[in-house]
Amino acid sequence: IGYEDPVQPGRYIWDPHWVHLEVRRDDGVIDVVGEGELLVSRRWSEATPVVRYRLGDRVILSPAAKDQPGYFSFLYRQGRACQLPAGVMIDFPMLERFLDVLRPSSKALSVWAHHRKGGYTDLTLTLDRLPTKHSPDSLTEFFTTFSLDVADVVASGFVILRVVLDPTLGIAGGKAIQVQETGFW
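Attention here is on the structure that accompanies the text. (Residues numbered from 1 in each chain as written. Predicted model: local features only at pLDDT ≥ 70, side-chain atom pairs only at ≥ 80, totals over all residues. Heavy atoms only, no water.)

Structural notes on helix H3 (residues 148-155)
Note on helix geometry: an α-helix contains 3.6 residues per turn, so any two residues three or four positions apart are oriented the same way. This is how it is decided: In protein, a polar contact requires one atom able to donate a hydrogen and another able to accept it; more generally it is a pair of N or O atoms within 3.5 Å, and residues adjacent in sequence count only if both atoms are side-chain atoms. Note on conventions: DSSP H or I runs of at least 4 residues are helices, E runs of at least 2 residues are strands, and numbering of each starts at the N terminus.
Two or three places before Asp 149, at the opening of H3, Ser 147 has a side-chain oxygen 3.3 Å from that residue's backbone nitrogen. Positive phi shows up at Gly 157, right after H3, with a value of about 90°.

Some remarks on the packing of aromatic side chains
Here a ring pair, both rings aromatic, is described through the centre-centre distance and the interplanar angle of the planes. Put simply, the rule is: Two aromatic rings, drawn from Phe, Tyr or Trp (for Trp, its six-membered ring), form a pair once their centres lie within 6.5 Å of each other, and the interplanar angle then sorts them: stacked below 30 degrees, edge-to-face above 60, tilted otherwise. A simple rule labels every residue: compare its accessible area, found with a 1.4 Å probe on the protein chains alone, to the largest value its type can have, and call it buried under 20%, exposed over 50%, or partly exposed in between. Placement of a charge over a ring requires the Lys NZ or Arg CZ to be within 6 Å of the ring centre, with the centre-to-atom vector within 35 degrees of the ring normal.
Applying the stated criterion across every chain, the model contains six aromatic pairs. When the centroid spacing of 5.6 Å and the interplanar angle of 90° are considered together, the rings of Phe 98 and Phe 146 count as edge-to-face. You can see Phe 98 sitting in helix H1 (residues 92-102) and its partner Phe 146 sitting in the loop between helix H2 (136-144) and H3, a full 48 residues away along the chain. Pair check on accessibility: Phe 98 and Phe 146 agree, each one buried. Ring centres of Tyr 120 and Phe 158 lie 5.1 Å apart, and the angle between their planes is 20°; this geometry places the pair in the stacked category. Of this pair, Tyr 120 sits in strand E11 (residues 120-127) while Phe 158 sits in the loop between H3 and strand E12 (159-165), and the two are 38 residues apart along the sequence. On the accessibility criterion, Phe 158 (34% relative accessible area) is partly exposed. Above the face of the Tyr 71 ring, Arg 11 is positioned so that its terminal group lies 3.7 Å from the ring centre.

This is how it looks when you write it as structure tokens:
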């Protein structure tokens, strides 16, 4: 889509001659400027056109001026999976199995993978309620039993895993499982 601005790290440059970028704001309105979910359309295609393809990236978009590039700042990725060091994936079915085991006590789970320089990741699992007889520490250990690969990257120290409680999670009737990724890749 673009490349990182060598002068301003964290800002990405895109060429409006090849792609058209838009954002879907939180209120559902699609716009060419502002903050929202990034939508990508290809301008030229000899095969199947790509129109408003959702990447799952949340950005702040600045429109391109005539014959000038556009800019966007990446905020985070939101989707159904996240990637840990060594290519280890935490996918939606794994998260569903984890939450199913914790039901009926826990009904909502938020997963946040924040990637730091040097290949390290802070992985935070936030639950709406703790199941009876469980502590955040015991759930941290329990989560690693769902995947040997996850257990390995946690044991290696490349992933710092923690479980926290937020009773307000899921109150608004939102998604039962949310996944976000931020930081360096």
